[in-house]
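Observations on the three-dimensional arrangement
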Amino acid sequence: MKIEFVASASAAEVLAVLVSEGRVFVGMGSQLDTATSGALTRAMNASRFTGGSNSTLIVAAPTGVDAATIVLTGAGDPARFDDLALEAAAGAAYHAVKMSGARSLTIDAHGLTADQAARAAFAARLASYRFLKYRTTLKAEKTPSIETIRVVAADPKAAKKAYEDLSAVAAAVEFSRDLVSEPANILYPEEFAKRVKALEKLGLEVEILGEKELEKLGFRTLLAVGMGSVRDSYVAVMKWNGGKKGEQPIAFVGKGVCFDTGGISIKPADGMEDMKWDMGGAAAVSGLMHALAGRKARVNAIGVIGLVENMPDGAAQRPGDVVMSLSGQSVEILNTDAEGRLVLADCLWYTQERFKPKFMLDLATLTGAMIVALGLEYAGVFSNSDELANNFLAAGPKVGENAWRMPIPAAYERHIDTPIADVKNTGNGRAGGSITAALFLQRFTNGTPWAHIDIAPTAWVKDSKSPTVPDGAVGWGVRTLDRMVADSYES
């Protein structure tokens, strides 16, 4: 999508105009209404459009203006007009005309600040995302026609400058969405590692650890997950050194199970195809590092992702096996489908031991129990640090990503105790499954401030209600983490 900032809406093919609740024009709407002899007001009065959030009204071929089509897009309650309301309005405008055949959409932001004009462009870009890489027979009329977004701003240069950081975040979200959208026969651990390695062009330092190195280091719980696959397992370490030299880094860890059959504890066939996105946590961490490097964030940050494939062949780990982790703790494997925590256990221990970070925050599509607990619109937050949890929870609402803090009571530790090893990889039955998974991970943090974000409910959406979030891969977490870093940890 080509993004431009302009001073005038002249010769606009399609022009989007914001309207607040109560049918109140924002920006040049009143001028356009006058130029069209009140056609916009008459169109609103003849419809149910009132300017409510995420609503649009198309006025075709209005006389008195150059634009062939005007889209009235709802800005909602003017008292609540914030970044998210603006994003919803710009995204809704894009969706209203994306299949129209028009090549460009012009959004009127003349009455807004430069930052808001940039935000409108950012939203339209996110709204335009579609993963069409493998659609070879899609007819032109089934493909969005909009190729250029123009935003009318009072100061186009200032808006363009304000868009720079947002453009970096948009590119990072798109990168994360692409990773999660890819099928597992294309994006297996080695290919994932290659795509992360390519981020060095942004200024990241990227180190890829293969199986020989991982075996030597002692990543045995991670390697145990991948034993049944013909694909090698990897760990990718990404470093962004944008802060002061020698300043303690912040660290992010992601679960990257590129496909999860469940292993010997095999999953039911129904819905197993969705397990290509069991690497959503690693995609979010990769997207965050992409964003930090892209906008030159003033922080030192580490991203560590464990990349494996969980398959059931004769070499696969079995229920009842005992595996020694990198931490030195032994783990009894009761269910090979509780594999993500085994990947994260070694990655968390390695991260705290090697980098001594201020905190570690992991993201993982870890448990179906999280979906049972919170539904499909909230991720679960588990943490041993109120400060870290609160910083994450404060960032989410600012970018429209929901999360809810969950308990990790010490009383539940007994559910992952076992007489044969130091810890087992599942709790006792289905009760509190997300909590016992978090407690398992906590045993590998060595007291480092830590938060675990279970994104099983939010990594993939089948019926999105947000104009800027597509059905399918969301890129969930990239924006929240980037905002958290910007608000709480940049120097």
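Residues numbered from 1 in each chain as written. Predicted model: local features only at pLDDT ≥ 70, side-chain atom pairs only at ≥ 80, totals over all residues. Heavy atoms only, no water.

Moving on, we get to the pattern of salt bridges. Counted by the stated rule, this structure contains 28 salt bridges. One salt bridge connects arginine 103 with glutamate 147, and the closest N-O pair in it is separated by 2.9 Å. With arginine 103 in the loop between helix 3 (83-97) and strand 6 (104-108) and glutamate 147 in the loop between helix 4 (114-127) and strand 7 (148-152), the pair connects residues that are 44 residues apart, well separated along the chain. Residue arginine 103 is classed as partly exposed on the basis of its relative accessible area, which comes to 49%. Linked by salt bridges that have partners in common, Asp83, Glu87, Arg119 and Arg479 make up one network. (Salt bridge = Lys/Arg side-chain N within 4 Å of Asp/Glu carboxyl O. Helix = DSSP H or I, 4+ residues; strand = E, 2+ residues; numbered from the N terminus. Buried < 20%, exposed > 50% of the residue type's maximum accessible area, 1.4 Å probe, protein only.)

Now for the sheet that holds strand 11 (residues 300-310). Pairing within the open sheet is mixed, and its 8 strands lie in the order 8-9-11-10-14-18-15-16. Every interior strand has two partners, whereas the edge strands, strand 8 (205-209) and strand 16 (403-405), have only one. The average angle at which neighbouring strand axes cross in this sheet is 20°, direction not considered. For strand 9 (residues 234-241) and strand 11, the ladder comprises 8 bridges, and the chain directions are antiparallel. If you follow valine 235 over to strand 11, its bridge partner there is glycine 306. Each of strand 14 (360-364), strand 15 (379-383) and strand 18 (450-454) touches helix 13 (residues 433-442); the most contacted strand, strand 18, lies at about 145° to it. On the sheet, helix 14 (residues 478-488) packs against strand 10 (250-260) and strand 14 and is oriented at approximately 175° with respect to strand 10. (Pairing = 2+ DSSP bridges. Axes fitted to C-alpha atoms, helices over the stretch in contact; angles between N-to-C directions. Contact = heavy atoms within 4.5 Å.)

Let's shift gears to the environment of glycine 400. Structurally, the position occupied by glycine 400 is in the loop between helix 12 (386-399) and strand 16. Note: C-alpha distance between glycine 400 and threonine 468 (68 residues apart in sequence) is 9.9 Å.

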